[in-house]
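Here's the letter readout for the chains.
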Amino acid sequence: MIFARSLAGQSRPGPRRYRAAQGGWGRNNNDGVNHVSTPKTSFAADDGQEVLDLGAIFAIIWRGRLLILLCVLLGLAFGVWRGFIAAVPLYGAEVQLVLDPRDEKVVDIESVVSSLSATDEVIRTEVHILGGRELGGQVVDRLNLVADPEFNMLLRDPGFDPVQSLKNAIKTILGMEVYQITGDPDPAFLREKVIQTLLSNVEVVNIPDTYIFSIWVLSENPFKAAEIANAFADVYVENQVAVKLDVTAQATGWLAERVTELRGQLEKNERRVAEIRAQADVTSPAQLIGLENRLISLRSALSERSEEVASRASAQAELSAVQSEADQRAAARRFGYGALMSRASDPQTGWRAVLAQAARDLREAEAKEQAIRTSMAELEITIATQSDALTEIVQAERDAESSRLLFENFQNRLRETSMQVGLQRADSRVISRAFPPDRPALPQKSRILILSVFFGGFIGTVLVVALQLTRARLHSASQIANITSVPVIAVLDQFTQKVRPEDAAALGPQTRDGEAIRNLRTSLLMARDDVPPQVVVFTSAESGDGKSTLSAAMAHNIAQIGKSVLLIDGDIRRHYLSNPLANGNQHPGLSDVLSGKVALADAILPGALGQVDILPAGTVSGSAADLLSQGGLPDLLAEVRNHWDVIVIDTPPISVVPDARIIGRHADLLILLAQWNTTRQSVFADALRQLEQGGRSPDGIVLTKVKAGRKPLYGPARRSHDNYYRG
């Protein structure tokens with residue numbers, strides 16, 4: 001074999017190194033780094049602003065057209081099922097009422113019963129009243145809808161209900177409670193459920209800029225729909241009259257009670273006035289004025305009497321002090337007692353008579369003064385008593401007058417309210433009654449179909465775009481070109497049959513798969529015109545991209561043109577190549593050579609894959625990355641370069657372990673594989689960054705496993721290629 005001959009001394013020229021910077025499709029940017037960019041859905045306009053790339057968005061939608069079509073068909077199927085099979089025809093009946101803002105009371109009792117004002121707040125309130133549970137409950141009771149199977153689910157046929165089953169399934173998935181009524185439910189609860197069902201089929205709206213309300217009712221029976229709509233209008237109008245009558249009755253009762261109370265209060269106050277007059281013997285305020293004038297007269301008389309008493313007392317004192325007869329006669333004449341002195345038989349007798357008369361006059365004056373004082377005291381008491389009594393009488397008369405006024409006012413209101421009982425009317429009236437419709441209002445089948453198709457297409461488009469943006473799979477070479485400047489050197493179709501590494505020899509020259517491998521081989525060997533690459537490393541961003549199969553197929557294809565080829569299984573952990581080609585990796589291999597356990601010659605398996613020699617992965621007990629980084633790898637590659645024309649190395653995915661970055665630094669060509677519609681853009685970009693950080697960017701990218709008929713490149717050339725191998 002070739003390797004045995006080289007050990008015998010037929011050595012080849014020294015190592016031929018491949019330089020990626022010399023030109024061709026492996027050339028990098030001027031700075032030596034293949035820059036990674038994010039996927040583009042927009043481009044820069046001439047003014048520097050980002051412009052939405054509608055072509056890229058349309059391409060995304062076009063690639064997912066089958067999913068969109070499937071969603072459209074599912075939506076159409078749902079629409080057909082919902083509109084033509086599952087939906088129960090519902091008939092709609094409409095009744096219209098008008099809120100009458102006019103106020104035509106016969107008597108004015110606005111404070112007792114007031115009509116509705118046509119304000120926006122009142123209109124909105126009435127709309128809620130029309131669609132409220134109270135009014136709905138009265139309609140249920142009037143029409144006995146509890147006994148109607150359409151509104152009472154317990155009376156329905158317990159057969160399979162697909163719509164209800166679907167609702168229950170959705171509630172179960174969302175974790176919501178599904179109510180199951182078993183046994184005999186409470187009548188009040190059952191009535192509430194019927195009201196709820198009824199109100200779900202009723203719609204109340206106010207026609208804009210009018211006082212008109214429209215009540216729209218849906219039912220499975222057209223006559224029932226009209227009956228329910230009219231019942232809503234009738235109950236609403238009757239309730240307005242009933243409310244007014246109830247308020248009027250309450251007002252009448254309250255007024256009657258107040259009139260009775262006020263009548264009793266009036267009678268009580270009038271009796272009190274009479275009692276006070278009888279007890280105080282007061283007829284009028286003029287009497288009290290006469291008494292006060294009399295008191296003034298007495299006070300004047302008292303003043304005169306007091307002066308007289310003082311004069312009499314002074315005279316008596318002077319008379320008592322006179323001693324001589326002449327003075328006595330003079331004093332008697334001065335005080336008016338001269339005549340009495342003259343009639344006396346002798347002066348002494350006359351003087352004694354004068355003194356006695358003066359004493360009598362003094363006592364008489366004092367008695368008159370005391371009488372006046374007594375009269376004044378009695379009169380003052382009488383005036384005070386009469387004044388208090390008169391004040392009390394005035395207050396009692398005022399209370400009686402107030403009671404009389406209230407009594408007469410409430411009596412008049414009671415009379416007016418009693419008259420209003422027979423004159424009450426509703427604030428609303430029916431202007432258009434409901435009649436049984438001749439055709440169903442629901443379902444609107446054409447509308448359901450249009451909306452189902454639209455929403456199916458919309459959901460499908462959203463799913464396609466969401467999957468594209470969230471999963472961001474690689475689909476084309478142009479898409480990869482938007483991510484990195486590394487060229488795509490090949491776009492390989494998915495093999496027509498499942499090919500494993502040990503089946504690489506089955507890719508014959510007359511097959512389309514074999515021709516694709518030969519095209520890639522030509523691209524690799526002609527990457528440089530001067531020195532063909534010798535060490536070619538295949539790696540991928542994720543596992544399952546087909547790099548092991550492609551490595552084996554490429555090694556076998558290169559060997560067919562007379563090149564000596566060594567295939568190295570660089571995946572020391574998984575040894576995907578060694579399992580089928582090296583007896584389940586039981587043979588010493590790369591790890592054993594690098595660790596110095598065996599020599600290279602002992603690890604090589606000559607002709608394990610046709611004319612291709614294989615260096616298995618071997619077994620490793622420690623870290624494979626540490627083993628590859630210990631320094632033995634460059635020496636090993638230098639040695640194998642001297643004995644084989646081409647060395648193909650299969651390495652693990654970059655996103656999993658760093659082995660490919662370590663081995664790739666010593667490669668002439670580093671080829672990165674990406675699986676069509678599977679490799680994620682984020683993982684692919686991360687693999688490129690990891691390679692750049694390791695100082696070795698890939699020299700080419702191969703897009704693998706493209707499904708036949710969906711290859712996004714080449715156009716007519718693609719069809720001629722297929723026709724050539726088809727026939």
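Residues numbered from 1 in each chain as written. Predicted model: local features only at pLDDT ≥ 70, side-chain atom pairs only at ≥ 80, totals over all residues. Heavy atoms only, no water.

A.B. asks: Describe the overall build of the chain, and please don't skip the residues or the numbers.
C.D. replies: A count of helices and strands for the chain gives 24 helices and 14 strands. Counting over 727 residues, the chain shows a buried share of 40%. Summarising the internal contacts of the chain: among those between residues at least 6 apart in sequence, 80% fall at separations of at least 24. (Helix = DSSP H or I, 4+ residues; strand = E, 2+ residues; numbered from the N terminus. Buried < 20%, exposed > 50% of the residue type's maximum accessible area, 1.4 Å probe, protein only. Contact = heavy atoms within 4.5 Å.)

A.B. asks: Which residues make up the confidence of the model for the chain, and what are the values?
C.D. replies: Caution applies to low-pLDDT parts of the model: their predicted coordinates are not meant to be read in detail. Looking at the chain, pLDDT values average 79 and 81% of them are 70 or higher. Confidence drops under a pLDDT of 50 for residues 26–48, and excluding neighbours within four residues, the segment shows 48 contacts in the predicted structure. Note on residues 711–720: pLDDT under 50 across the span, and 15 contacts to partners over four residues away in sequence or across chains. (pLDDT = per-residue confidence, 0-100.)

A.B. asks: Account for the nonpolar core, naming residues and giving values.
C.D. replies: Core analysis: the biggest nonpolar cluster contains 47 residues, and Leu566, Leu615, Leu636, Val640, Ile647, Ile649 and Phe684 have the highest contact counts within it. Among the elements that line this core, the one with the most residues is helix H23 (residues 681–693), at six residues. Every residue in contact with Ile649, bar those within four places of it in the chain, is listed here: Val535, Val536, Val537, Phe538, Ser551, Ile568, Gly570, Leu637 and Ile663. (Core = buried A, V, L, I, M, F, W, Y, C linked by side-chain atoms within 4.5 Å.)

A.B. asks: Now, about the sheet that holds strand S13 (residues 669–675): what can you tell me, with residues and values included?
C.D. replies: Taken together, the eight strands give an open sheet; going across it, the order is S7-S14-S13-S8-S12-S9-S11-S10, and neighbouring strands pair in mixed fashion. In the strand order of this sheet, the two ends are held by strand S7 (488–493) and strand S10 (605–609), each with one partner. Neighbour-to-neighbour, the strand axes of the sheet open up by a mean angle of 30 degrees, direction not taken into account. Across three bridges, the pairing between strand S9 (residues 565–569) and strand S11 (residues 612–615) is parallel. Residue Ile568 lies in a different strand from S11, and its bridge partner there is Leu615. Along the sheet, helix H15 (residues 512–525) makes contact with S7, strand S8 (535–540), S13 and strand S14 (700–706), crossing S7 at roughly 170 degrees. Contacts from helix H21 (residues 632–641) reach S8, S9, S11 and strand S12 (646–650), with the element oriented near 140 degrees to S12. (Pairing = 2+ DSSP bridges. Axes fitted to C-alpha atoms, helices over the stretch in contact; angles between N-to-C directions.)

A.B. asks: Can you lay out a nonpolar patch on the surface for me, pointing to particular residues and giving the numbers?
C.D. replies: A cluster of nonpolar side chains, contributed by Leu66, Leu69, Leu73, Leu76, Val80, Phe84, Ile85 and Val453, occupies part of the molecular surface with about 710 Å² of accessible area. The leading source of residues in the nonpolar patch is helix H3 (residues 65–86), at seven residues. Mapped onto the fold, Val453 is located in helix H13 (residues 445–471). Looking at Val453, the relative accessible area reads 31%, which means it is partly exposed. (Patch = residues over 30% accessible without salt bridge, like charges linked within 9 Å, V, L, I, M, F, W, Y side chains within 5 Å. Areas by Shrake-Rupley, 256 points an atom, 1.4 Å probe, with all protein chains shown as cover. Salt bridge = Lys/Arg side-chain N within 4 Å of Asp/Glu carboxyl O.)

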